[in-house]
Amino acid sequence: MSIRGRVWLAGLGALAVAATSLGCHVAPIRGDGVGNATLATTSGPSVTPVASASIPTAGVGNDDPNSGPGHAPAASSSTYAGPPQVAATVRSAAVAAVAPGGATVPGGVTVPGGGPLSGGWTSGVAAGTLAEANQWAAFRGRPVDVIVTFADRSSWETITHPWLGSDPEKFAGFAGTWVISQPFFPDSGGDIGACASGAYNSHWQEFGRWLIGQGRANSIVRLAWEFNGDWFPWSASNKPGSWVGCFQQVVGAIRQTDAQARIDWTLNSHTDGAFDFYPGDAYVDVIGIDTFDMWPASTDENSWNTQCDEAEGLCSVIKFARAHGKKFSVPEWGLVGTHDTGAGRAGQSGGDNPFYIRKMHDTFVANADVVSYEAYFSNSDPGNVHSSLTGPVEEPSSAQAYASLW
């Protein structure tokens with residue numbers, strides 16, 4: 001398998017993780033957010049976009065090899081982002097919470113509450129607390145349908161019994177859909193080969209039972225996300241011959257106790273080799289991609305089309321999902337600041353780029369029939385991607401574009 005070579009500039013540190021409060025967590029930046037540049041060598045044929053969008057927006061890349069903009073720390077957690085104020089210049093209407101009641105997302109699956117946008121897809125945000133989700137809802141003037149979260153990876157206990165649902169502030173009463181990002185095994189120890197032999201199946205059966213017990217049987221499980229990168233222990237490059245078998249074993253074990261769990265196979269944009277590790281249609285419900293506005297930034301139609309059509313670009317993932325009769329997701333997408341990021345220092349980030357926001361929106365509209373969900377990653381932590389659109393507003397023009405479109 002050929003995983004795109006990434007050249008990390010000097011100063012690449014180990015996983016930068018800040019951990020403070022219970023339950024929720026902020027993940028460290030990816031390979032270039034801390035000043036570690038990613039020089040991606042393109043390979044593979046260009047693929048024609050499934051549908052061309054009429055308005056601007058872009059998104060690609062990721063900023064740190066050690067964990068992406070939305071990645072939970074190895075053994076602990078901290079809240080996602082700033083104070084609960086909403087920028088009055090962007091959107092003043094306060095939306096207290098997602099309205100209760102059932103809703104059907106594209107594909108006919110009933111979720112506990114929330115619902116798709118009028119354009120036809122389910123939309124949300126990466127969040128660690130209900131207050132953060134409500135802040136996002138107030139900012140854009142409509143409910144949050146889905147929250148993307150990250151399990152604490154420190155032990156099997158924290159993986160099989162995640163912090164979600166522990167109290168109302170941790171989404172116990174959240175009316176929308178849970179998306180839980182899960183590793184193959186704890187950071188404290190595990191092996192992809194052992195996983196492929198079924199050694200961890202009892203743990204994943206317990207996780208399925210936990211989902212049932214929470215009343216969240218049809219939650220989305222984002223298993224071993226960004227596996228085609230080299231920054232996580234579950235990287236396919238560690239044991240390429242066993243990776244697919246491991247994925248299949250975990251999915252089979254979860255479904256033994258929770259047949260309704262939806263499995264999201266999420267790759268990292270612009271890192272080669274992802275499709276070599278597709279586990280098969282029987283093991284995947286949603287095909288996802290994490291993509292950010294960098295390496296390269298999308299500032300016009302040409303740069304958007306170039307990055308979107310790369311072998312592991314957004315347009316290529318949409319085409320792949322359609323070919324396999326699957327929905328697609330974008331669990332993490334967002335801007336990348338020009339300061340305090342490696343991509344910014346290298347001139348490879350879009351910064352405050354409303355074009356990117358509009359282009360992403362257009363892509364969702366053009367492909368609404370196969371969008372499962374999308375979630376913006378809004379983060380202002382030092383050394384992270386600086387994508388925050390509210391609390392604080394780091395990219396004001398883009399914040400206005402998002403609020404007007406969503």
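Please refer to the structure higher up on the page.
What counts, and at which threshold
- Residues numbered from 1 in each chain as written.
- Predicted model: local features only at pLDDT ≥ 70, side-chain atom pairs only at ≥ 80, totals over all residues.
- Heavy atoms only, no water.
- Phe/Tyr/Trp six-rings, centres within 6.5 Å; stacked < 30°, edge-to-face > 60°.
- Helix = DSSP H or I, 4+ residues; strand = E, 2+ residues; numbered from the N terminus.
- Buried < 20%, exposed > 50% of the residue type's maximum accessible area, 1.4 Å probe, protein only.
- Pairing = 2+ DSSP bridges.
- Right-handed = clockwise from strand over helix to strand, strands pointing away.
- Core = buried A, V, L, I, M, F, W, Y, C linked by side-chain atoms within 4.5 Å.
- Salt bridge = Lys/Arg side-chain N within 4 Å of Asp/Glu carboxyl O.
- Disulfide = S-S within 2.5 Å.
- Contact = heavy atoms within 4.5 Å.
- Axes fitted to C-alpha atoms, helices over the stretch in contact; angles between N-to-C directions.
- Parallel < 35°, antiparallel > 145°, perpendicular 65-115°, else oblique.
- Left-handed = near helix turned anticlockwise from the far one by under 90°.
- Nonpolar A, V, L, I, M, F, W, Y, C, P; charged D, E, K, R; others polar.
- Arc of directions from axis to C-beta.
- Polar contact = N/O pair within 3.5 Å; in protein donor to acceptor, adjacent residues only side chain to side chain.

Q: Just to check I follow, could you spell out the packing of aromatic side chains for this structure?
A: Taken as a whole and assessed by the stated rule, the structure comprises 36 aromatic pairs. When the centroid spacing of 4.9 Å and the interplanar angle of 55° are considered together, the rings of Trp136 and Phe139 count as tilted. Here the residue Trp136 and the residue Phe139 both occupy positions in helix α1 (residues 130–140), the gap between them amounting to three residues, near one helical turn. Both residues of the pair, Trp136 and Phe139, belong to the buried class. With centroids separated by 6.0 Å and ring planes inclined at 65°, the aromatic side chains of Trp333 and Phe364 adopt a geometry described as edge-to-face.

Q: I'm lost on the pairing of strand β3 (residues 122–126) in this one. Help?
A: In summary, the side chains of a regular strand alternate between the two faces of the sheet. Within β3, five of the five residues are buried, which leaves it mostly tucked inside the rest of the structure. For β3 and strand β10 (residues 371–376), the ladder comprises four bridges, and the chain directions are parallel. Its bridge partner lying in β10, Val125 is registered against Tyr376. Inspection of the sheet shows β3 paired to strand β4 (residues 146–150) by three bridges, in the parallel sense. Bridged to Gly124 within β4 is Val146. A crossover connection joins β3 to the parallel β4 through α1; in handedness this β-α-β unit is right-handed.

Q: I tried to follow the nonpolar core on my own but got confused; where do I start?
A: In a soluble, globular protein the nonpolar side chains are often hidden away together inside. Phe184, Trp243, Trp265 and Trp333 are the most contacted members of the largest nonpolar core, which has 95 residues in total. Per element, the largest residue contribution to this core is seven residues, and it comes from helix α5 (residues 240–257).

Q: I keep staring at the pattern of salt bridges and nothing clicks. Help me out?
A: Note that side chains of opposite charge can pair when their charged atoms are close. Per the stated rule, a full pass over the model turns up nine salt bridges. A salt bridge links Arg153 to Asp187; the shortest N-O distance between them is 3.2 Å. On the criterion of sequence distance, the pair formed by Arg153 in the loop between β4 and α2 (156–160) and Asp187 in the loop between β5 (177–182) and α3 (192–196) is long-range, its members being 34 residues apart. When its relative accessible area of 28% is taken as the criterion, Asp187 is described as partly exposed. Note that Asp369 is salt-bridged to Arg322, the shortest N-O span being 2.8 Å.

Q: Teacher, can you tell me more about the state of the cysteines here?
A: Note on terminology: disulfide describes a covalent bond linking the sulfur atoms of two cysteines. Applying the stated rule across the entire model yields two disulfides. The residue that forms a disulfide with Cys195 is Cys246, at a sulfur-sulfur distance of 2.0 Å. Disulfide Cys195-Cys246: the torsion about the S-S bond is 80°, which places it as right-handed. Here Cys195, found in helix α3, pairs with Cys246, found in helix α5; they are 51 residues apart in sequence, far enough to count as distant. Taken as a pair, Cys195 and Cys246 share a single burial class, namely buried. Put simply, Cys308 and Cys315 are joined by a disulfide, and their sulfur atoms are 2.0 Å apart. Every disulfide takes its handedness from the sign of the S-S torsion; for Cys308 and Cys315 that torsion is 90°, giving right-handed. Residue classification places Cys315 among the buried positions, given a relative accessible area of 5%. If the cysteines joined by disulfides in the protein chain are listed in sequence order, their pairing comes out as 1-2, 3-4.

Q: Can you help me understand the environment of Pro162 in this one?
A: By the secondary structure assignment, Pro162 is in the loop between α2 and β5. Accessibility expressed as a relative area gives 5% for Pro162, which makes it buried. Discounting residues that sit within four places of it in the chain, Pro162 has contacts with Gln182, Phe207 and Trp210.

Q: I keep staring at α1 and nothing clicks. Help me out?
A: The periodicity of an α-helix, 3.6 residues per turn, causes residues three or four places apart in sequence to face the same way. Burial of α1 is extensive: eight of the eleven residues sit out of reach of the surface. Within α1 the residues assigned to the buried category are Glu132, Ala133, Gln135, Trp136, Ala137, Ala138, Phe139 and Arg140. Contacts from the buried residues of α1 go to β3, β4, β10 and α10 (396–405).

Q: How should the sheet that holds β5 be read in this particular structure?
A: The pairing of strands in a sheet comes from backbone hydrogen bonds and takes either a parallel or an antiparallel form. If you walk around this closed barrel you meet the eight strands as β3-β4-β5-β6-β7-β8-β9-β10, and the pairing is parallel. The mean angle between the axes of side-by-side strands here comes to 25°, regardless of whether they run parallel or antiparallel. In this structure, strand β8 (residues 286–292) lies alongside strand β9 (residues 327–334), joined through five bridges in parallel fashion. Pairing of Ile287 across the sheet is with Phe328, part of β9. Along the sheet face, helix α7 (residues 314–323) touches β7 (262–268), β8 and β9 and points at about 175° away from the line of β8.

Q: For this particular structure, what's the right way to read the packing of helix α9 (residues 354–366) against α10?
A: Two numbers describe a pair of packed helices, the interaxial angle and the distance between the axes. Look at α9 against α10: their axes get within 8 Å of each other, and the N-to-C directions meet at 25°. Classed by the angle they form, the pair α9 and α10 counts as roughly parallel. At the point where α9 passes α10, the crossing takes the right-handed sense. Each of Pro354, Ile357, Arg358 and His361 in α9 lies in contact with α10, whose residues at this interface are Ser397, Ser398, Ala401, Tyr402 and Leu405. For the contact of α9 with α10, a count of residues per class yields five nonpolar, three polar and one charged.

Q: When you look at the side chain of Glu395 in this model, what are you seeing that I'm missing?
A: With respect to the secondary-structure elements, Glu395 resides in the loop between β10 and α10. When near neighbours in sequence (up to four residues on either side) are disregarded, Glu395 contacts Leu335, Gly337, Gly351, Asp352, His386, Ser388 and Leu389.

Q: Whenever I open this one, helix α6 (residues 301–308) confuses me. Can you help?
A: Among all positions of α6, only Ser303, Trp304, Gln307 and Cys308 are buried. Viewed along the axis of α6, the buried residues span an arc of 125°, placing them on a single side of the element. One side-chain oxygen at the N-terminal end of α6 lies 3.2 Å from the backbone nitrogen of Asn302; it belongs to Asp300.

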